[in-house]
Amino acid sequence: MKKAPEQILIVDDNTDTLQMLSRKIVSKGWSSLLATDVSQALQLLDAGGIDLVLTDYKMPKITGLELIRHLNSHYPNIPVIMITGYPSIEGAVEAVKVGAEEYLSKPFTDEELFKAIDAAIVKVRQRKTRTQEIPTNPYGLIGNSEQMQELYRKIHKSTTNNATVLIHGESGTGKELVARAIHYHSHHSKAPFVPVNCGAIPETLLEAELFGYLKGSFTGANETRAGYFLTADGGSIFLDEISETSLSMQVKLLRVLQDRQVYMIGSKTPRKVNVRIIAATNKDLPLLVKQGGFRDDLFFRLNVLPIYIPPLREHPEDISMLINHFLKKYSSENSLPIPSISDDTINSMLTYTWPGNVRELENLIYRMVILCEGQQIGISDLPEHMKFSINQTPNLLRSLAEVEQEYISAVLASVNDNKSLAANILGIDRKTLYNKLKDFEN
Ligand SMILES: Nc1ncnc2c1ncn2[C@@H]1O[C@H](COP(=O)(O)OP(=O)(O)OP(=O)(O)O)[C@@H](O)[C@H]1O
Ligand SMILES: [Mg+2]
């Protein structure tokens, strides 16, 4: 689930410098590809996957400036850091003029190098966020994972018939959003969608609210009122938190479901209602049925088309898309620039378990957009309880041999399997490297 590290292409005619830079970059968790001249760099760029280029200015055949020009016209989304060999203001100005994002003049400290890379990576992020298309589905829900696709199939199925739907999902997973999606895509969409929070209305009032009453049928009934069922006639009623209804109310609901008619309080004449019923719960209804808290006959009547919405921790692959969606949404609603988010902050969002699901994530992004006003969002902007998922200790249950094999493979991958270069970076000779690789195969 962890995001792939940024791939940095380093271009320098001096192999010692190349290796030195590569070691530093790899030590910070980025991955590197190395080229000793511009034409080699262009080949690597063509192969794709490069996020950032770090190039020397002065090179024998084609200079770094030419490389920057090429990048500008062919890969406008890849930022460049230019290294100027001597503290030449002209060189730096020229580099920036042709489009380098940052420049470093030799000699520079590790800190200056990492700072320049960090700054350029922020730009990579911003460009990616800006250009990344956010795929939505026809229902306005965000998420492309297999679990969400399954949800969309279920929603689609329920829009083509009139069966009662029971939506089950943890708090904040989008139950109401799904209920609305079903209504507005079904043939009931022209008539009202009426949401009723069964948990929020006191038991004594619920009956009057749902079925309506005739004037004078009880003290306080000063006028005749249609209840939610009649209001929703021709449309859909959304019975949210259905598990919160009392057993006696469940009997009354069962009658409506069976007979498709309601008795207003104070009336002996039933009124026909043509209503699509969508119920929702965050409770385990079958368990409640077993424990006697929910009638099994009502459960079976409701559960004709069950729809399960997975909690966010079951489809973490959708987290990035949701983050981008809400960043865009709240930035544009508040006329603020879309902020970028630092790597470690994104990582901790990807590994967090989101007990409050999409609502929790949405609220967090909203707060961040407002508080950061376009500045980069960092770890310090996360609430305390989320910071636990940061800086997870590395897996300490690996042997030295395993760590060595992993590290060697990573270095080899970073130099396109060039054994001499890899051996150089690793500080061993080629023969030793070959022997080690042979050992790994056994
Ligand atoms: N897949 C999604 N894509 C975009 N927004 C979503 C998605 N799922 C949920 N949301 C947003 O998250 C918030 C919570 O959604 P909703 O109110 O539908 O959840 P719920 O399951 O009904 O929660 P509760 O159980 O607390 O009532 C809403 O602002 C909704 O727009
Ligand atoms: Mg809800």
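Here the structure is shown first, and the text comes after it.
The notes below deal with the structure included here. Keep in mind the model is a prediction, meaning the values are calculated, not measured.

Cut-offs used in this document
- Within each chain, residues carry numbers counting from 1 in the order of the written sequence.
- Each chain gets a letter, beginning with A, and each ligand a number, beginning with 1, in the order they are written.
- pLDDT decides what is reported in this predicted model: residues at 70 or higher carry local features, side-chain atom pairs at 80 or more are listed and counted, and totals for whole chains, interfaces and linings draw on all residues regardless.
- The basis for the side-chain values is all heavy atoms of the structure; hydrogens and waters are excluded.
- In this analysis an axis means a line fitted to C-alpha atoms, helices contributing only their contacting stretch, and an angle means the value between N-to-C directions, from 0 to 180 degrees.
- A run of H or I in DSSP becomes a helix once it reaches four residues, and a run of E becomes a strand once it reaches two; helices and strands are each numbered from the N terminus.
- When describing relative orientation, an angle under 35 degrees is termed roughly parallel and one over 145 degrees roughly antiparallel, while 65 to 115 degrees is termed roughly perpendicular and anything else oblique.
- Handedness of a helix crossing follows the sense of rotation of the near helix relative to the far helix, less than a right angle counterclockwise being left-handed and clockwise being right-handed.
- Contacts are residue-level and defined by heavy atoms, with any inter-residue pair within 4.5 Å sufficient.
- Note on residue categories: nonpolar means Ala, Val, Leu, Ile, Met, Phe, Trp, Tyr, Cys or Pro, charged means Asp, Glu, Lys or Arg, and polar means any other residue, Gly included.
- Two strands pair under a simple rule: DSSP has to find at least two bridges between them.
- What makes a salt bridge here is a side-chain nitrogen of Lys or Arg within 4 Å of a carboxyl oxygen of Asp or Glu, nothing more.
- Each residue is placed in one exposure class: buried if its accessible area under a 1.4 Å probe, protein chains only, is under 20% of its type's maximum, exposed if it is over 50%, and partly exposed if it falls in between.

**Remarks on the packing of helix 13 (residues 319-333) against helix 15 (residues 357-372)**
And step 1. Between helix 13 and helix 15, whose axes approach to 9 Å, the crossing angle comes to 45 degrees. If you check the angle between helix 13 and helix 15, you find them oblique. For the crossing formed where helix 13 meets helix 15, the hand is right-handed. Two secondary-structure elements touch here, helix 13 through Ile 319, Leu 322, Ile 323, Phe 326, Leu 327, Lys 329, Tyr 330 and Ser 331 and helix 15 through Val 358, Leu 361, Glu 362, Ile 365, Tyr 366 and Val 369.
And step 2. Across the contact of helix 13 with helix 15, the residue classes break down as 11 nonpolar, 1 polar and 2 charged.

**Notes on the sheet that holds strand 2 (residues 31-35)**
The strands making up a sheet associate through backbone hydrogen bonding, with each pair oriented either parallel or antiparallel.
And step 1. Strand order in the open sheet formed by 5 strands is 2-1-3-4-5, and the pairing between neighbours is parallel. Taken across any chain shown, the strands that pair with only one partner, and hence form the sheet edges, are strand 2 and strand 5 (102-105). Geometrically, the sheet is characterised by an average inter-axis angle of 20 degrees between neighbouring strands, direction not taken into account.
And step 2. The pairing of strand 3 (residues 52-56) with strand 4 (residues 80-84) spans 4 bridges and is parallel. Counted as the bridge partner of Leu 54 is Ile 81 from strand 4.
And step 3. Sitting on the sheet, helix 1 (residues 15-27) is in contact with strand 1 (7-11), strand 2, strand 3 and strand 4, with an inclination near 170 degrees to strand 2.

**Considering the pattern of salt bridges**
And step 1. Going through the model one piece at a time under the given rule, you end up with 14 salt bridges.
And step 2. Its salt-bridge partner being Arg 153, residue Glu 150 comes within 3.0 Å of it at the nearest N-O pair. Of the two residues, Glu 150 and Arg 153 both sit in helix 6 (residues 146-159), 3 residues apart, roughly one turn of that helix.
And step 3. Classification of Glu 150 by relative accessible area gives partly exposed; the value is 35%.
And step 4. On the basis of relative accessibility, which here comes to 44%, the residue Arg 153 falls in the partly exposed class.
And step 5. With its nearest N and O atoms 3.0 Å apart, the salt bridge here joins Glu 244 to Lys 283.

**Some thoughts on the pairing of strand 10 (residues 236-240)**
And step 1. Counting buried positions along strand 10 gives 5 out of 5 residues, so the element sits mostly inside the fold.
And step 2. Sheet analysis places strand 7 (residues 193-197) next to strand 10, joined by 5 bridges and oriented parallel. Counterpart to Val 196 in the pairing with strand 10 is Leu 239.
And step 3. Where strand 10 and strand 13 (residues 276-281) come together, 4 bridges link them in parallel fashion. Each bridged residue has a counterpart across the sheet, and for Leu 239 the counterpart in strand 13 is Ala 279.

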